[in-house]
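# Results of the structural survey
Residues per chain are reported as follows:
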Amino acid sequence: MDSQPGSIPQALAGASAGAWLKPLLDEQWHDMHAVVPRGFPAYARIFHPLERDRPQDTGSWHGHELPAMGELEQQRVGWAAVARAFGTLMHPLAQLHRLMGPVTPMLGPLDEAGWRYSKPDIGNLATDVLAAVATHLCNHTGTPDEGVSAIWEGWGGLATSAGYAELRLSDDGQWDNPLSREPGSGLLSAAVADGEKLELPNRSYYLFSAGPRFYTDPEWVNRVPWHHSPLWPQSPSILWPADRSWVMVSEIDFDSTVVAGSRELIAALVQDPAVEALALGEGADLTWDADVPNRPAG
């Protein structure tokens, strides 16, 4: 399971490397432990960044009609910045829809300064944030070059080309649609696509030899077999080192990533300005209505 930064992750022949996770997960969804393993000393929630924009000509979307004429001013922001903009409370169980104000028709949430907000990536940690996180992960394992990356089986075009099609113009001038449901017609070979997957509650994953050191180099986006283009890289759904000292989970339906590990690791993540993270308690509820401090009155 060696995974130096310059290496290419190899698919694991079986799923035994991830079998230790299953007893640590809940079969029924009560809290985050349906996807995040129990039993670690501490946990951190890493909030996926999002974008905001406004027209440069007026400096505000207020009173501005779509489409915007001219250039847009754009920024990447964290959740704490969203909370400041809307006068809400940032905290470990925050939900983005509670942090923002009412949705404006056609435009979405607008703050008083006229910024329009997008949604963060779901199930995917930004490359630069992952690099910062991976540096800390390496510092808190005895096996930084050995580990496993679990990739959710349902991402488009992995096992088959169904769900992801690249249209090509054939020699006779007709568009060729290569959609196929045959295993091996997608990004992964038939042997991998048909091979044993890690079966966890309500989720199945392909396993690859890629530990934390691999993700400290941004060039990893050009060396993995599980996404189509480095322009849209896909971070691992679950990542752990060979010594199992921590686990990183980017659940496919979450707009944040959870790390389970030592108290020292969690403190390092929370203190890093390149990573927007807050400590979580075991049993944390991250469902859409769990943001009690920002829940509407009544």
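The preceding data block contains the structure.
Everything quoted here is computed from the prediction, not taken from an experiment. (Residues numbered from 1 in each chain as written. Predicted model: local features only at pLDDT ≥ 70, side-chain atom pairs only at ≥ 80, totals over all residues. Heavy atoms only, no water.)

## Description of the environment of histidine 228
Stated precisely, the cut-off is as follows: Helix and strand definitions follow DSSP, with helices as H or I runs of at least four residues and strands as E runs of at least two, each counted in order from the N terminus. Pairs of N or O atoms within 3.5 Å make up the polar contacts considered here, provided that, within protein, one atom can donate a hydrogen while the other can accept it, and that residues adjacent in sequence are counted only when both atoms are side-chain atoms.
Here histidine 228 shows up in the loop between strand S11 (203–208) and strand S12 (238–241). Placed 72 residues apart in sequence, histidine 228 and glycine 156 show a C-alpha to C-alpha distance of 9.3 Å. Within the local environment of histidine 228, its side chain forms a polar contact with the backbone oxygen of glycine 156, the two atoms lying 3.5 Å apart.

## Overview of empty space enclosed by the protein
So the rule is basically this: Buriedness for pockets is judged along seven lines, at least five of which must meet protein on both sides within 12 Å for an open set on the 1 Å grid over protein atoms alone, while cavities are sets there where a 1.4 Å probe fits but cannot get out, and lining residues have an atom within 4 Å of a point. Grid points are joined across faces, edges and corners, and a volume is the space filled by probe spheres set on the points. Put simply, Ala, Val, Leu, Ile, Met, Phe, Trp, Tyr, Cys and Pro go in the nonpolar bin, Asp, Glu, Lys and Arg in the charged bin, and everything else, Gly too, in the polar bin.
Counted by the stated rule, this structure contains 1 cavity of 30 Å³ or more. Of the pockets and cavities examined, the largest cavity occupies roughly 30 Å³. Looking at the largest cavity, the residues that line it are Leu25, Ala34, Val35, Leu200, Pro201, Arg203, Tyr205 and Ile238. Among the residues forming the lining of the largest cavity, the class breakdown is 7 nonpolar, no polar and 1 charged.

## Brief notes about the layout of surface pockets
Taken as a whole, the largest pocket holds about 500 Å³ of empty space. Along its surface, the largest pocket is lined by 25 residues, and Asp121, Asn124, Trp232, Pro233 and Gln234 are the ones closest to its centre. A breakdown of the residues in the lining of the largest pocket according to their chemical character gives 12 nonpolar, 9 polar and 4 charged. Roughly 250 Å³ of internal volume is contained in the second largest pocket.

## Quick word on the side chain of serine 235
Note the threshold: Should any heavy atoms of two residues lie within 4.5 Å, those residues are considered in contact.
Looking at the element boundaries, serine 235 is found in the loop between S11 and S12. One polar contact links the side chain of serine 235 to the main-chain amide nitrogen of leucine 125, over a distance of 2.9 Å. Apart from the residues within four sequence positions on either side, serine 235 is in contact with Gly123, Asn124, Leu125, Leu130, Trp220 and Ser250.

## As for the sheet that holds strand S3 (residues 72–77)
Heads up, the condition is: If DSSP finds at least two bridges between two strands, the strands pair.
Taken in spatial order, the 3 strands of this open sheet run S3-S2-S6, and their pairing is antiparallel. Edge strands, defined here as strands with exactly one partner in the open sheet, are S3 and strand S6 (116–117).

## Remarks on the pattern of salt bridges
The test is simple: By convention in these notes, a salt bridge is any Lys or Arg side-chain nitrogen within 4 Å of a carboxyl oxygen on Asp or Glu. Only protein chains enter the calculation, and the probe is 1.4 Å; a residue is then buried if its accessible area is under 20% of its type maximum, exposed if over 50%, and partly exposed in between.
Using the criterion set out here, one finds 13 salt bridges in the structure. A salt bridge links aspartate 128 to arginine 76; the nearest nitrogen and oxygen atoms lie 2.5 Å apart. In this pair, aspartate 128 is assigned in helix H3 (residues 127–139) and arginine 76 in strand S3, connecting sequence segments 52 residues apart. Residue aspartate 128 is classed as partly exposed on the basis of its relative accessible area of 45%. Overall, arginine 76 belongs to the partly exposed group, its relative accessible area being 43%. Two residues, aspartate 217 and arginine 223, come together in a salt bridge whose shortest N-O distance is 3.3 Å. Accessibility expressed as a relative area gives 24% for aspartate 217, which makes it partly exposed. Given a relative accessible area of 18%, arginine 223 falls into the buried group. Connected through shared salt-bridge partners, Asp26, Asp31 and Arg38 make up one network.

## Focus on the nonpolar core
Using the following cut-off: As used in this record, nonpolar core signifies buried Ala, Val, Leu, Ile, Met, Phe, Trp, Tyr and Cys residues forming a set joined through side-chain atoms within 4.5 Å.
If you look at the biggest cluster of nonpolar residues, it comprises 34 residues, and the most contacted ones within it are Val133 and Tyr215. When residues of this core are assigned to their parent elements, the largest contribution, 6 residues, is made by H3. When neighbours within four sequence positions are excluded, tyrosine 215 is seen to be in contact with Leu130, Ala131, Ala134, Ser149, Ala210, Trp220, Trp226, Pro236 and Leu239. Membership of the second largest hydrophobic core comes to 25 residues, among which are Val36, Val247, Val258 and Ala284.

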